[in-house]
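# Close look at the chain arrangement
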Amino acid sequence: MHSNDATSNIEQVEQRMLDLVLQGTGEAGKAAAYHFSAGGSRVRALLALQAARALALRDHEAIAIATACELLHNASLVHDDLQDRDVVRRGRDAVWHRYGEAAAICVGDLLLSAAYAALAGTGSHAAALMARMHQRVAAVIGGQCDDIAMQGRTLDSLAAYEQVAQGKSGPLLILPLELALALAGRTDAIATAAEAGSLFAIGYQIADDLEDVERDALNEELNIVAVLAAAGEPQPLACARELAVTRFRQAHAAASALPSNCGALLAEQALRRSAALSAVLESA
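Heads up: these notes are all about the structure in this document. Please read all numbers here as calculations on a predicted model, not as lab measurements.

Looking now at the overall build of the protein. Tallying secondary structure elements over the protein gives 13 helices and two strands in all. What you see for the protein is a C-alpha radius of gyration of 19 Å, in line with the 19 Å of a compact globule of 284 residues. Once the C-alpha set of the protein is aligned to its principal axes, its extents read approximately 55 × 45 × 30 Å. When the 284 residues of the protein are sorted by exposure, 50% land in the buried category.

What follows is the structure, encoded as structure tokens:
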């Protein structure tokens, strides 16, 4: 990339997302723009931009893959809110709650389609990248289906929990690194990127579960604390925190091993989150 840092292209990513969803899409496009206007961390876009810069990709390639990854993530949020009946997203009405269920389905579908259109910006590489993206999207859908199937059930297998956890969000954390590595001709490193993204996703899901123990119990949703308790762990809360710290540290190691330091942002995020959880454990 020719830019000085990954964040300098975020505004271009934001504009590209809007351009793609507002092209003759009527109310669905307006609802998508409303969803974007609530903000968000844009972590997946930043992961793609940082990796692209580290691997010396061209600006238009970096923006294309960052836009695609961010559109996919936001599509999953719109559909998740509808499935989970969450009425608030980022402090505002969720799309389905403001515009209706049918509109939310259309918006999510629009964002999915726009993600594939975004990859057209990679030229002759587009077809191969789209195939990779489909594989990760399919994995996310599989993970979401597994999670839904677990609702109302008692699970006492940590391995099964981690499989569901990494399936729900891991693929869309892997994708920014995978697309950048594929464009740079470093497909040999994609397995390491997949390891880093999967481990981070597990740590993230455990940390999220720790914030929602009571709500998940009330709604009979899968939660690591309930899984560990069912498995006979006498201190499930502390054990869950320790496990999250371990997974984040493992994610940091894997991301740090990627070529040209292209996993630096994921490694940094993993280290920050493990440090925060460790501090809670030390103060307990």
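We now examine the environment of Arg16. Mapping Arg16 onto the fold places it in helix α1 (residues 10–21). When the C-alpha positions of Arg16 and Ala66 are compared, they lie 10.0 Å apart, and in sequence the two are 50 residues distant. Among residues more than four places away in sequence, those in contact with Arg16 are Thr67 and Ala117.

A separate point is the layout of surface pockets. The calculated volume of the second largest pocket comes to roughly 250 Å³. Taken together, 16 residues form the lining of the second largest pocket, with Arg153, Glu220, Glu221, Asn223 and Ala226 sitting closest to its centre. Residues belonging to the lining of the second largest pocket are distributed by class as follows: nine nonpolar, three polar and four charged.

All right, on to the nonpolar core then. Counting 91 residues, the largest nonpolar core has Leu71, Leu111 and Ile206 as its most contacted members. A total of 13 residues in this core trace back to one element, the largest contributor, which is helix α8 (residues 158–183). The contacts of Leu71, once residues within four sequence positions are left out, are Met17, Leu20, Val21, Phe36, Leu111, Ala114, Ala115 and Ala118.

Attention shifts here to empty space enclosed by the protein. Following the criterion strictly, the structure yields one cavity of 30 Å³ or more and no others. Here the largest cavity defines a volume of roughly 40 Å³.

With that settled, the discussion passes to unusual backbone geometry. In this structure, Arg42 is a non-glycine residue whose phi angle is positive, near 55°. By the element assignment, Arg42 lies in the loop between α2 (26–37) and α3 (43–54). Even without being glycine, Ala56 reaches a positive phi, approximately 60°. Position of Ala56 among the secondary structure elements: in the loop between α3 and α4 (59–84). Judged by its relative accessible area of 61%, Ala56 falls in the exposed class.

What follows concerns helix α7 (residues 126–150). With 25 residues, α7 ought to run about 36 Å at 1.5 Å a step, and its terminal C-alpha atoms sit 36 Å apart, in line with that. Looking at the buried residues of α7, the elements they touch are α4, α6 (101–118), α8 and α9 (190–211). Backbone geometry just after α7 places Gly152 at a positive phi near 85°.

This brings us to the side chain of His35. Along the chain, His35 falls in helix α2. A residue is classified by how much of its surface remains accessible, and His35, at 5% relative accessible area, is buried. Residues in contact with His35, not counting those within four places in the same chain, are Asn74, Leu77, Val78, Arg89, Arg90 and Val95.

Attention now goes to the environment of Ala255. Tracing the backbone shows Ala255 in helix α12 (residues 236–256). For the pair formed by Ala255 and Leu18, sequence separation is 237 residues and the distance between their alpha carbons is 31 Å. Leave out the neighbours within four places in its chain, and Ala255 touches Ala196, Gly263, Leu266 and Ala267.

Parameters and conventions
- Residues numbered from 1 in each chain as written.
- Predicted model: local features only at pLDDT ≥ 70, side-chain atom pairs only at ≥ 80, totals over all residues.
- Heavy atoms only, no water.
- Helix = DSSP H or I, 4+ residues; strand = E, 2+ residues; numbered from the N terminus.
- Rg over C-alpha atoms; globule rule 2.2 N^0.38 Å.
- Buried < 20%, exposed > 50% of the residue type's maximum accessible area, 1.4 Å probe, protein only.
- Contact = heavy atoms within 4.5 Å.
- 1 Å grid on protein atoms, 1.4 Å probe; cavity = no way out; pocket = protein on both sides within 12 Å on 5 of 7 lines; lining within 4 Å.
- Points joined across faces, edges and corners; volume = space filled by probe spheres on them.
- Nonpolar A, V, L, I, M, F, W, Y, C, P; charged D, E, K, R; others polar.
- Core = buried A, V, L, I, M, F, W, Y, C linked by side-chain atoms within 4.5 Å.
- Expected span 1.5 Å × (residues − 1).

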